[in-house]
Amino acid sequence: MIVLRFDRGSLTARGGPVPHGRYDTGVGAYRAPALHYGDILEHLRQSGGAYRDEALDPLPCPPLHSDIKLRDYQQRALDAWRTAGRRGVVVLPTGAGKTVIAMKAIEELGAATLVVVPTLVLIDQWRSRLEEAFGVEVGVVGGGRHLLRGLTVSTYDSAGLRADRLGNRFRLLILDEVHHLPAPRYRSIGLKYLAPFRLGLTATLERTDGAHLALLDLVGEKVYEMGVDELAGVHLSDYTIRTVSVPLTEAERAEYDAQYAVYREFIRRRGIRMRSARDFQRFVMRSGRDPEARRALLARNRAMGIALNSSAKIEHLKRLLLENPEEKAIIFTQHNSLVYRISREMLIPAITHQTPREERGEVLQRFRSGRYMRIVTSRVLDEGVDVPDASLAVILSGTGSSREFIQRLGRVLRKREGKRAELVELVSRRTAETRMSRRRKMV
């Protein structure tokens, strides 16, 4: 008889070989990644041989009932996931109701579920939504909290760190912002959890490093996708995108040109071509062993710091907010230093990764209630703020990532009667930031 057991993030089989398994002389059993638990179990069932499954030890899950009604496209997404064996990725814009689809999947399966999210903001948001929908206590793992329940929400960091102990406690994994999963520090979640059922959610699946292809094994294939333009005006707000070119001051221009010239001269002399993000990554790696390359990189960083954080952007932001006093606005920057500068000068509440959880929750609650009409943040809210009546997003600085751009747009797309959303990006004129702006809008 083959006996399956969970052993610190992997699956062992005593009594005979199993698919994906290799014999481990240390334990006298075949060992396979926990990821393949479902395939191995199905193989044993079909082979007709004797086996005993002692691997999965799911937490008890209370009966789950809700009043959730799905829109037509949400139902199609859920049906596609079910048809694919309850494994796969759903790609929908922010505000299109990916959370609702996941909650219906949880209700339908009625089994112990771990929801994995990238931020502490999203932990609290998911817990609130789940408790409201099902009327049960929802567990939490992350941010110094460890409470296991049949429905539990965890950060990617905590789910990865505790995979050796929690990997056999859930039958369903919901992976929010699933594009994070292929990262080396998080891939263990896909490998070390037995959960045979997996649902990945994202607004932007592809990664520039191509690592999203690993999701086929870790979660399943892409089972459903709809874009922003297909849903705008009906299920999402109509929106406009406006790019405003602002000049550097004379002093900023002189310093920018001087610093960027150092970088440009280095890559010209060395014959380096910057055609992709990988080319730039190789240049960064080179700077670790080449002092001249490091000087060039530091000069480029100083130049980009001037472009991304220019004084003219601050002045334009002030005018923009004065012109739109009734619009709830989220202001995004690349660097925390600019977040805190705006917060000090304009008395706008700030949220960064350094903001304590309680303070962050209080700021977001006051923003939702309308007590605060503006918040300023760095990248920490690219994923995780749910405010249906926020209608103005201002990007003072960012990267060339189309994912980041789509996520920031998504913060103001949630539908509200009579609402029209606007995203305004401020770009320093005649700087490398103009190329970044073009790249991030190539979606």
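Keep in mind that this is a model prediction, so the values were computed, not measured.

Definitions and limits used
- Residues numbered from 1 in each chain as written.
- Predicted model: local features only at pLDDT ≥ 70, side-chain atom pairs only at ≥ 80, totals over all residues.
- Heavy atoms only, no water.
- Pairing = 2+ DSSP bridges.
- Helix = DSSP H or I, 4+ residues; strand = E, 2+ residues; numbered from the N terminus.
- Axes fitted to C-alpha atoms, helices over the stretch in contact; angles between N-to-C directions.
- Contact = heavy atoms within 4.5 Å.
- Buried < 20%, exposed > 50% of the residue type's maximum accessible area, 1.4 Å probe, protein only.
- Expected span 1.5 Å × (residues − 1).
- Salt bridge = Lys/Arg side-chain N within 4 Å of Asp/Glu carboxyl O.
- Phe/Tyr/Trp six-rings, centres within 6.5 Å; stacked < 30°, edge-to-face > 60°.

Draft legend 1. Summary view of the sheet that holds strand S4 (residues 29-33). As summarised here, the arrangement of the 5 strands in space is S3-S4-S2-S1-S5, forming an open sheet in which the pairing is mixed. Each edge of the open sheet carries a strand with a single partner, namely strand S3 (22-24) and strand S5 (51-53). On average, each strand axis in the sheet is inclined to that of its neighbour by 35°, with strand direction left out of account. In the packing of helix H1 (residues 37-47) onto the sheet, the strands contacted are strand S1 (2-7), strand S2 (10-14), S4 and S5, and the crossing angle to S5 comes to about 150°.

Draft legend 2. Local environment of the pairing of strand S8 (residues 139-142). In terms of strand pairing, S8 meets strand S10 (residues 151-155) through 3 bridges, oriented parallel. When the sheet's bridge partners are listed, Val141 is paired in S10 with Ser154. As paired elements, S8 and strand S9 (residues 145-147) share 3 bridges and run antiparallel to each other. Paired with Gly142 across the two strands is Arg145, which belongs to S9. Between S8 and S9, which follow one another and run antiparallel, lie 2 residues, and Gly143 among them has a positive phi close to 65°.

Draft legend 3. The arrangement of the pairing of strand S6 (residues 87-91) in detail. Counting buried positions over the 5 residues of S6 gives 4, a clear majority of the element. Looking at chain direction, S6 and strand S12 (residues 197-202) are connected through 5 bridges and run parallel. Looking across to S12, one finds that Val91 is bridged to Thr202. With 3 bridges joining them, S6 and strand S13 (residues 222-225) adopt parallel strand pairing. Counted as the bridge partner of Val90 is Tyr224 from S13.

Draft legend 4. Layout of helix H3 (residues 98-109). For H3, built from 12 residues, the straight-helix expectation of 16 Å at 1.5 Å per residue is met to within 8% by its first-to-last C-alpha distance of 17 Å. Along H3, the residues classified as buried are Lys98, Thr99, Val100, Ile101, Ala102, Met103, Ala105, Ile106, Glu107 and Leu109. The first or second residue beyond H3 is Gly110, which carries a positive phi of 60°.

Draft legend 5. Fine view of unusual backbone geometry. The phi angle at Arg8 is positive, at roughly 50°, despite the residue not being glycine. Looking at where Arg8 falls in the secondary structure, it is placed in the loop between S1 and S2. When its relative accessible area of 59% is taken as the criterion, Arg8 is described as exposed. Backbone geometry at Arg86 places phi at a positive 55°, although glycine is not the residue there. The topology assignment puts Arg86 in the loop between helix H2 (72-83) and S6. Arg86 sits in the partly exposed class, given a relative accessible area of 21%.

Draft legend 6. Representation of the pattern of salt bridges in the model. Counted under the stated rule, the structure contains 36 salt bridges. A salt bridge links Asp79 to Arg82; its shortest N-O distance comes to 2.9 Å. Taken together, the residues span about one helical turn, with Asp79 and Arg82 both in helix H2 at a distance of 3 residues. Using a relative accessible area of 28% as the deciding quantity, one classes Asp79 as partly exposed. For Arg82, a relative accessible area of 30% corresponds to the partly exposed category. Its salt-bridge partner being Arg357, residue Asp124 comes within 4.0 Å of it at the nearest N-O pair. Placement of the pair is Asp124 in helix H4 (residues 120-134) and Arg357 in helix H15 (residues 357-369), with a sequence separation of 233 residues. Looking at Arg357, the relative accessible area reads 26%, which means it is partly exposed. If you follow the salt bridges from partner to partner, you end up with Glu265, Arg268, Arg269, Arg270, Arg286, Asp290 and Glu292 in one network.

Draft legend 7. Structural detail: the packing of aromatic side chains. With the rule as written, the count across this model stands at 7 aromatic pairs. Ring geometry for Tyr23 and Tyr30: centres 5.2 Å apart, planes at 75°, overall edge-to-face. By relative accessible area, Tyr23 is classed as partly exposed at 49%. Given a relative accessible area of 24%, Tyr30 falls into the partly exposed group. Ring geometry for Phe266 versus Phe283: centroids 6.0 Å apart, planes at 45°, classification tilted.

Draft legend 8. Seen up close, the sheet that holds S10. The 8 strands lie next to each other as S9-S8-S10-S7-S11-S12-S6-S13, forming an open sheet whose pairing is mixed. Only two strands of the sheet have a single neighbouring strand rather than two, namely S9 and S13. Across this sheet, the average inter-strand angle for adjacent strands is 20°, counted without regard to direction.

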